[in-house]
Amino acid sequence: MADCLFCKIINGEIPSTKIYEDEYVYAFADIEPQAPFHGIFVPKKHIDSPAFIDGENSIYVAKIYEAIAKVAKTEKLDKGFRVVANCGEEGGQTVGHLHFHLLARRYLQWPPG
Ligand code: AMP
Ligand code: ZN
């Protein structure tokens, strides 16, 4: 998608601090971290939001969760972490490319605000 911020990050038009990459997934440090560790995991194919996951593209979601487990291991997030996918206006989504936040290294409140 020509005008999508995260598509531009994936193709290198906008710089990012890479955390992980494979055929399906790109992960980078959030520019406004909400925890001492805050990564953003995105599919390398443009999908608008969690509301657009279907049988054709769900392989990307599976690969993202595999990537998260790998990064949690290499980053030694043994005390735990949180994975968040915001969806739509009321869900707090500000970038229209499916993404999963990986937050760690502090106690996280529940329920969220
Ligand atoms: P959301 O609010 O769930 O849509 O999450 C979007 C996230 O993208 C926010 O946490 C932003 O801080 C993050 N973000 C926005 N622009 C950039 C950027 N250029 N590099 C890294 N993270 C970004
Ligand atoms: Zn995109």
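Everything numeric here is computed off the predicted structure, so don't read it as measured data.

Rules used throughout
- Residues numbered from 1 in each chain as written.
- Chains lettered and ligands numbered in written order.
- Predicted model: local features only at pLDDT ≥ 70, side-chain atom pairs only at ≥ 80, totals over all residues.
- Heavy atoms only, no water.
- Helix = DSSP H or I, 4+ residues; strand = E, 2+ residues; numbered from the N terminus.
- Contact = heavy atoms within 4.5 Å.
- Polar contact = N/O pair within 3.5 Å; in protein donor to acceptor, adjacent residues only side chain to side chain.
- Near = heavy atom within 4 Å.
- Phe/Tyr/Trp six-rings, centres within 6.5 Å; stacked < 30°, edge-to-face > 60°.
- Buried < 20%, exposed > 50% of the residue type's maximum accessible area, 1.4 Å probe, protein only.
- Donors = N, O, S within 2.8 Å, 3.2 Å for Na, K, Ca; no water.
- Tetrahedral: all angles 85-135°; square planar, octahedral: opposite > 155°, others 65-115°.

*Asks:* Give me the environment of His-46: which residues, what numbers.
*Replies:* Take His-46: it is sitting in the loop between strand S3 (37–43) and helix H2 (58–74). Through-space distance from the C-alpha of His-46 to that of Cys-7 is 6.9 Å; in sequence the pair is 39 residues apart. Not counting residues within four places of it along the chain, the set of residues in contact with His-46 comprises Met-1, Cys-4, Cys-7, Gly-96 and His-97. At 3.4 Å, the side chain of His-46 forms a polar contact with the backbone oxygen of Gly-96.

*Asks:* I'd love a proper account of the site of ligand 1, names of residues and values included.
*Replies:* Surrounding ligand 1, one finds 15 residues, the nearest of these being Asp-30, Asn-86, Thr-94, His-99 and His-101. Between ligand 1 and the protein, one listed contact pairs an oxygen atom with a side-chain N or O atom of Asn-86 at 2.7 Å. At 3.1 Å from an oxygen atom of ligand 1 is found a main-chain nitrogen or oxygen belonging to Val-95. Breaking the shell around ligand 1 down by element, the ones donating at least two residues are helix H1 (5–10) and strand S2 (25–29).

*Asks:* So what about the packing of aromatic side chains? Which residues, and what values?
*Replies:* Applying the stated criterion to the full structure yields four aromatic pairs. Taking 5.3 Å as the distance between ring centres and 70° as the angle between the ring planes, the aromatic pair formed by Phe-6 and Phe-28 counts as edge-to-face. Of this pair, Phe-6 sits in helix H1 while Phe-28 sits in strand S2, and the two are 22 residues apart along the sequence. Taken as a pair, Phe-6 and Phe-28 share a single burial class, namely buried. Relative to Phe-28, the ring of Tyr-26 has its centre 5.8 Å away and its plane inclined at 25°; by these criteria the two rings are stacked. Accessibility expressed as a relative area gives 4% for Phe-28, which makes it buried.

*Asks:* Tell me about the coordination of the zinc ion (ligand 2), and please be specific about residues and values.
*Replies:* Ideal coordination angles are 109.5 degrees for a metal with four donors arranged tetrahedrally and 90 or 180 degrees for a metal with six donors arranged octahedrally. In the first shell of the zinc ion (ligand 2), the protein supplies Cys-4 (SG), Cys-7 (SG), His-46 (ND1) and His-97 (ND1), at 2.0 to 2.3 Å from the metal. Its four donor atoms give the zinc ion (ligand 2) angles of 104 to 117° at the centre, a pattern that matches the tetrahedral case. For the zinc ion (ligand 2), all donor residues lie on one chain, and their spacing in sequence is C-x2-C-x38-H-x50-H. Within this pair, whereas Cys-7 is found in helix H1, its partner His-46 is found in the loop between S3 and H2, the two being separated by 39 residues in sequence. Take Cys-7: its relative accessible area is 12%, and that puts it in the buried class.

*Asks:* Lay out the side chain of Gln-93 with the relevant residues and their values.
*Replies:* Within the element layout of this structure, Gln-93 appears in the loop between strand S4 (81–84) and strand S5 (100–104). For Gln-93, a relative accessible area of 16% gives the class buried. A distance of 2.9 Å separates a polar side-chain atom of Gln-93 from the backbone nitrogen of Gly-88.

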